[in-house]
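Listed below, chain by chain, are the residues.
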Amino acid sequence: MLTRHTLWRIVITSRPLQALAIGLLATGVAALLWLAAPATNAALEWSVYDRWLSHRPPIALSSSLTIIAPDPERVDQEGLVSLDRAQLAQLITTAHDSGAIAIGLAHRLSHASPSQLGGAASDVLFSEALATAGPVVTVASDDMPETPGSVALGHLHLQLHSDHIARLIPLSVTQGTRTVPAFGSRLYTLATHQPLAVAPDDTRLINPVGDGSFAAFPTLSWSAVWDALQRQDATALDRWFNGKVVVILPSRPSDEPWLLPTGARVSSTTAHLHLLNS
């Protein structure tokens with residue numbers, strides 16, 4: 001009969017059994033670490049990638065991307081803009097008429113416009129602009145009704161690891177009975193006419209420009225577009241929009257709950273702009 005001391009002598013004299021014991025011990029320690037401190041485990045697992053991201057050569061901004069954002073003076077303390085959809089309709093129509101190959105609107109269409117912001121009249125103009133330029137990619141929401149063919153839906157979800165850092169974007173999510181692709185990848189598909197083959201759990205690493213903040217992107221202000229329209233400056237409009245993917249932001253990203261490996265805090269919209277750029 002094997003006693004504890006006999007078993008121990010067998011183990012310490014057998015290299016295969018030593019390797020097995022060390023492997024089991026390491027597995028046990030890793031499991032305890034995961035249970036006790038999942039954030040530490042995730043940080044260790046992604047440490048090589050995080051260090052590489054901080055020291056890699058900077059990636060280029062796509063010359064085919066134009067981002068239109070509100071003028072800073074129009075933004076309130078919460079980063080919001082009093083939004084009249086008639087103005088959005090004019091931006092969409094201008095981009096389309098100037099040769100944009102795909103248009104995205106980082107805005108949910110789940111509610112009608114309030115009366116103080118144009119009400120039904122603005123919504124009619126907005127619907128006509130979508131019908132002319134569509135499909136325009138907008139942001140999906142759970143309470144969104146059935147959408148017309150002039151609207152293509154994209155999601156703004158991110159995947160958070162246990163160390164509270166966002167590194168991945170799911171390429172599709174399920175909302176109700178709909179499978180919704182990522183906002184950035186939906187725009188890419190429209191621009192290139194190359195549908196992405198996406199499995200249900202597919203993700204894409206966020207590949208940020210600069211430090212990943214919204215400030216890393218050059219933006220075109222609403223007022224610059226209005227001024228060009230007033231001057232009938234076809235040269236400027238062609239330079240900004242012809243052959244470009246145009247993303248219209250109804251507000252400047254200011255709610256920044258997502259922490260990137262670079263240390264920057266960003267909105268989900270900004271993260272999807274990085275996906276589109278890459």
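Everything that follows concerns the structure shown earlier in this document.
Residues numbered from 1 in each chain as written. Predicted model: local features only at pLDDT ≥ 70, side-chain atom pairs only at ≥ 80, totals over all residues. Heavy atoms only, no water.

J.: Hey, could you run me through the overall build of the chain in this one?
T.: Each helix and strand counted, the chain has 10 helices and 13 strands in total. Within the span of the chain, comprising 278 residues, buried residues form 42% of the whole. Considering only contacts in the chain between residues 6 or more positions apart, those separated by 24 or more positions represent 73%. Of the roughly 15,000 Å² of accessible surface on the chain, 58% is carried by carbon and sulfur atoms. (Helix = DSSP H or I, 4+ residues; strand = E, 2+ residues; numbered from the N terminus. Buried < 20%, exposed > 50% of the residue type's maximum accessible area, 1.4 Å probe, protein only. Contact = heavy atoms within 4.5 Å. Areas by Shrake-Rupley, 256 points an atom, 1.4 Å probe, with all protein chains shown as cover.)

J.: Teacher, can you tell me more about the packing of aromatic side chains here?
T.: Under the defined criterion, the tally for this structure stands at three aromatic pairs. On the numbers, 5.6 Å between centres and 75° between planes, the contact of W46 with Y49 is edge-to-face. Here Y49 and W52 contribute two aromatic rings whose centre-to-centre distance is 6.0 Å and whose plane-to-plane angle is 35°, an arrangement assigned as tilted. One end of the pair is Y49 and the other is W52, both in helix 4 (residues 47-55) and three residues apart, which spans about a single turn. Classification of Y49 as buried rests on a relative accessible area of 15%. Residue class for W52 comes out partly exposed when judged on its relative accessible area of 47%. An aromatic cluster is present here, built from W46, Y49 and W52 joined pairwise through their rings. (Phe/Tyr/Trp six-rings, centres within 6.5 Å; stacked < 30°, edge-to-face > 60°.)

J.: Please explain the sheet that holds strand 11 (residues 245-248) as it appears in this structure.
T.: For sheets, the rule is that strands pair by backbone hydrogen bonds, running either parallel or antiparallel. Spatially, six strands are ordered 4-3-2-11-1-10 in an open sheet, and the strand pairing comes out parallel. Of all the strands in the sheet, the pair left with one neighbour each is strand 4 (151-154) and strand 10 (220-221). Two strands pair when backbone bridges link them, and strand 1 (residues 65-69) and strand 10 are joined in this way by two bridges, in the parallel orientation. Bridging from a neighbouring strand, I68 pairs with L220 of strand 10. Contacting strand 2 (102-108), strand 3 (136-139), strand 4 and strand 11, helix 7 (residues 183-192) runs over the sheet at an angle of about 155° to strand 2. (Pairing = 2+ DSSP bridges. Axes fitted to C-alpha atoms, helices over the stretch in contact; angles between N-to-C directions.)

J.: Sorry, what's going on with the pattern of salt bridges here?
T.: Think of it this way: side chains of opposite charge can pair up when their charged atoms draw near. Considering all chains together, one arrives at four salt bridges under this definition. The salt bridge partner of D50 is R167, with a shortest N-O separation of 2.8 Å. Of the two residues, D50 sits in helix 4 while R167 sits in strand 6 (residues 166-170), which places them 117 residues apart along the sequence. Across this residue pair, the class does not change: D50 and R167 are buried. As a salt-bridge pair, R85 and D123 come within 3.3 Å of each other at their nearest N and O atoms. Highlighted residues: R85 in helix 5 (residues 85-97) and D123 in helix 6 (residues 119-133), separated in sequence by 38 residues. The two residues R85 and D123 agree in class, both being buried. By sharing partners, the salt bridges in this structure join D50, D163 and R167 into a single network. (Salt bridge = Lys/Arg side-chain N within 4 Å of Asp/Glu carboxyl O.)

Remember, this is a structural readout, not a statement about activity or role.
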